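Here's the letter readout for the chains.
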Amino acid sequence: MTKVIIIDDEAHCTNVLANLIEKVHSDYVITGISKNPLEGLEFIQKNPPDLLFLDIEMPNLNGFALLDKLLPIDFDIIFTTAYDRYAIRAFNYSAINYLLKPITERNIVTALANWEKRRKKTSPEQWQLFQNNLQDSIKERTKIALPTGVGYNIVEIKDIIRCQSDNNYTNFFLKDERKILISRTLKEIEDMLTDHNFIRVHQSHLINPIFVKGILKQDGGSLIMGDNTEIPVSRQKRKQINEILETMLRFK
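Residues numbered from 1 in each chain as written. Predicted model: local features only at pLDDT ≥ 70, side-chain atom pairs only at ≥ 80, totals over all residues. Heavy atoms only, no water.

A. Main features of the overall build of the chain. Broken down by element type, the chain carries 8 helices and 15 strands. Considering only C-alpha atoms, the chain reaches an extent of 65 × 30 × 30 Å along its principal axes. By the burial criterion, 48% of the 252 residues in the chain qualify as buried. For the chain, the share of sequence-separated contacts (at least 6 apart) that also reach a separation of at least 24 residues comes to 58%. As displayed, the chain offers around 12900 Å² of accessible surface, 47% of which is attributable to carbon and sulfur atoms. With 33 positive and 33 negative side-chain charges, the chain shows a separation of 7 Å between the mean positions of the two kinds. (Helix = DSSP H or I, 4+ residues; strand = E, 2+ residues; numbered from the N terminus. Buried < 20%, exposed > 50% of the residue type's maximum accessible area, 1.4 Å probe, protein only. Contact = heavy atoms within 4.5 Å. Areas by Shrake-Rupley, 256 points an atom, 1.4 Å probe, with all protein chains shown as cover. Lys, Arg positive; Asp, Glu negative; His and termini not counted. Charge placed at Lys NZ, Arg CZ, Asp CG, Glu CD.)

Here you go:
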């Protein structure tokens, strides 16, 4: 049985969330609900959960400050938030779970399915990365947390050569020749890395253009990457990508 605690200062949100969790997962037991973050903090210290649903904006103690008092965190967290897209990017970069308000049945099903797939406790390094990302602008972010089967790999974005789709998983190929497989779709990764100039050149391939070694125009067009891999370019994007890359290569 999965022990769940909900902390949110809005009674409507806690009621909706509790009802939906019980509806979609009969093996989840809600051991505590609190609208007061200070009381919730005390309850967690005495009754640690497997999974905490935590609001961010609350009076007296916000969600981040509450967790700072519980470090090191020995349970999983799904934030319930109405934060703007920049904060959502910080969650994604750090591989931390979140659920956007207003909460619907579809959203809770998706959030819990994602959590079940990744189910890992938040590491101190991951929490620090999240806090740093929350403070920074998108362009200033330099690292991303990649959730693997055993934990998290925190890597420099500038060291990512390319990403390749493997159904609902994505392979990362790094400058140091590491290959990391994570449980995220290539579309999710594309949304995170577009602001770092990564380009989706094909349905299955996202590339870091600084690692392009050459452009081959025969057989429909392809790119030679820094790891000597030949990456196909889709017909729909061929002209646009060739123009971008040829300009980049010309001024290297």
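B. Just the sheet that holds strand 15 (residues 230-232), in detail. Overall, antiparallel pairing links the 3 strands, which are arranged 13-14-15 in an open sheet. If you trace the sheet from one side to the other, it starts and ends with strand 13 (212-216) and strand 15, each paired once. Each strand of the sheet is rotated relative to its neighbour by a mean of 25 degrees, with strand direction disregarded. (Pairing = 2+ DSSP bridges. Axes fitted to C-alpha atoms, helices over the stretch in contact; angles between N-to-C directions.)

C. Structural detail: the packing of aromatic side chains. For the structure shown, the criterion picks out 7 aromatic pairs. Seen from their ring centres, F64 and F130 are 5.3 Å apart, and the 65 degrees between their planes marks the pair as edge-to-face. Here F64 is found in helix 3 (residues 63-68), whereas its partner F130 is found in helix 6 (residues 124-135), with 66 residues between them in sequence. Residue classification places F130 among the buried residues on the basis of a relative accessible area of 0%. Ring centres of W127 and F130 lie 5.5 Å apart, and the angle between their planes is 25 degrees; this geometry places the pair in the stacked category. Of this pair, W127 and F130 both sit in helix 6, 3 residues apart, which is roughly one turn of that helix. (Phe/Tyr/Trp six-rings, centres within 6.5 Å; stacked < 30°, edge-to-face > 60°.)

D. Examining the nonpolar core more closely. Membership of the largest hydrophobic core comes to 22 residues, with the highest contact counts inside it found for L54, L66, L67 and F79. Elements with a contribution of two residues or more to this core: strand 1 (2-7), helix 2 (37-46), strand 3 (51-55), helix 3, strand 4 (76-81), helix 4 (85-93) and helix 6. With 3 residues, the single largest contributor to this core is helix 3. Among residues more than four places away in sequence, those in contact with F79 are L54, I56, F64, L67, F91, I96, N97, Y98, L99 and W127. Grouped together as the second largest cluster of nonpolar side chains are 17 residues, Y93, F172, I180 and L206 included. (Core = buried A, V, L, I, M, F, W, Y, C linked by side-chain atoms within 4.5 Å.)

E. Summary view of unusual backbone geometry. Going from L71 to P72, the amide bond is cis rather than trans, its omega being -5 degrees. With respect to the secondary-structure elements, P72 resides in the loop between helix 3 and strand 4. Despite not being glycine, N167 has its phi angle at roughly 60 degrees, a positive value. Structurally, N167 is set in the loop between strand 8 (160-166) and strand 9 (169-174).

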